[in-house]
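The lines below spell out each chain.
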Amino acid sequence: AQSVSQHNHHVILSEAASLELGCNYSYGGTVNLFWYVQYPGQHLQLLLKYFSGDPLVKGIKGFEAEFIKSKFSFNLRKPSVQWSDTAEYFCAVNINYGGSQGNLIFGKGTKLSVKP
Amino acid sequence: DTGVSQNPRHKITKRGQNVTFRCDPISEHNRLYWYRQTLGQGPEFLTYFQNEAQLEKSRLLSDRFSAERPKGSFSTLEIQRTEQGDSAMYLCASSWDSLNTEAFFGQGTRLTVV
């Protein structure tokens, strides 16, 4: 069965520190990849997505992610975090069935706490 | 607000009671998904609809759970004879039915079974 692994359960950083959150998935075929963010008390929001093309994708609020197919990875990065980035981050994948896609498979999430 | 809307936001029920949640997707989306999220976990897929057809159900969706999407618009998720293990956040999402698209999530219904 397909699965998504997020390596860090809880990351604590000071403002201006750099961020990298790991995400690996298990599926050998074509996938679509996503990072969603959930700010405290709010709904899941899309941060960025990868469907095809340039493996380095840029999202909102200065986030970016790099798809490395050989490593089945889609790590999220931000050069300098802010207190407002405190949230829970979820990596998700769905399988590209060639015409449509199935349901999203989520990782367990990484809680990011940024100290002011 | 033209996003995905879920009602109620919170539901407390006694064990053994039936509960029903409603989801109104973004109007032009023909796919609708239900997920469940428990503490410390990511959302877990329950079921999805394309228009009014329920196309896939997870093994997590026991026979006490039923979902409908009459007329391909809003959807309901009913849990019969609730158990304490059903306590979770129930999330609804919608999307277009195309190759490269993302799902948009509602704020969820938090169910507490006491």
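Residues numbered from 1 in each chain as written. Chains lettered and ligands numbered in written order. Predicted model: local features only at pLDDT ≥ 70, side-chain atom pairs only at ≥ 80, totals over all residues. Heavy atoms only, no water.

Asker: Please explain the nonpolar core as it appears in this structure.
Answerer: The nonpolar side chains of a soluble globular protein tend to be buried, and buried together. Among the nonpolar cores identified, the biggest contains 29 residues, and Trp-35, Leu-48, Phe-74, Leu-76 and Tyr-89 of chain A are the most heavily contacted of them. With near-sequence residues (within four places) excluded, Leu-76 of chain A lies in contact with Leu-19, Glu-20, Leu-21, Trp-35, Leu-47, Leu-48, Phe-63, Glu-64, Ala-65 and Tyr-89 of chain A. Residues Ile-26, Leu-32, Trp-34 and Val-113 of chain B belong to the second largest nonpolar core, which totals 19 residues. (Core = buried A, V, L, I, M, F, W, Y, C linked by side-chain atoms within 4.5 Å. Buried < 20%, exposed > 50% of the residue type's maximum accessible area, 1.4 Å probe, protein only. Contact = heavy atoms within 4.5 Å.)

Asker: Is there a simple way to explain the interface of chain A and chain B in this structure?
Answerer: The interface of chain A with chain B comprises 23 residues on the first partner and 21 residues on the second. Taking both partners together, chain A and chain B bury about 1,800 Å²; carbon and sulfur atoms supply 49% of that area. Joining chain A to chain B, the criterion identifies one salt bridge. Note that Lys-49 of chain A is salt-bridged to Glu-102 of chain B, the shortest N-O span being 2.9 Å. Of all the secondary-structure elements, those providing two or more residues to the side of chain A that touches chain B are β5 (31-38) and β6 (45-50) of chain A. Broken down by element, the side of chain A that touches chain B gets its largest block of residues, four residues, from β5 of chain A. Of the residues assigned to the side of chain A that touches chain B, the class counts are eight nonpolar, 13 polar and two charged. (Buried area = accessible area lost by both parts, 1.4 Å probe. Salt bridge = Lys/Arg side-chain N within 4 Å of Asp/Glu carboxyl O. Helix = DSSP H or I, 4+ residues; strand = E, 2+ residues; numbered from the N terminus. Nonpolar A, V, L, I, M, F, W, Y, C, P; charged D, E, K, R; others polar.)

Asker: In this structure, what is going on with unusual backbone geometry? I would like to understand it.
Answerer: With glycine set apart, most residues show a phi of negative sign, and most peptide bonds adopt trans. That bond from Asn-7 of chain B to Pro-8 of chain B is cis: its omega, -10 degrees, falls within 30 degrees of zero. In this model, Ala-16 of chain A sits at a positive phi of 80 degrees, which is unusual for a non-glycine residue. Structurally, Ala-16 of chain A is set in the loop between β2 (10-14) and β3 (19-21). Here the phi dihedral of Lys-61 of chain A falls at roughly 60 degrees; this positive angle occurs in a residue that is not glycine. Within the secondary structure, Lys-61 of chain A sits in the loop between β7 (56-58) and β8 (64-68).

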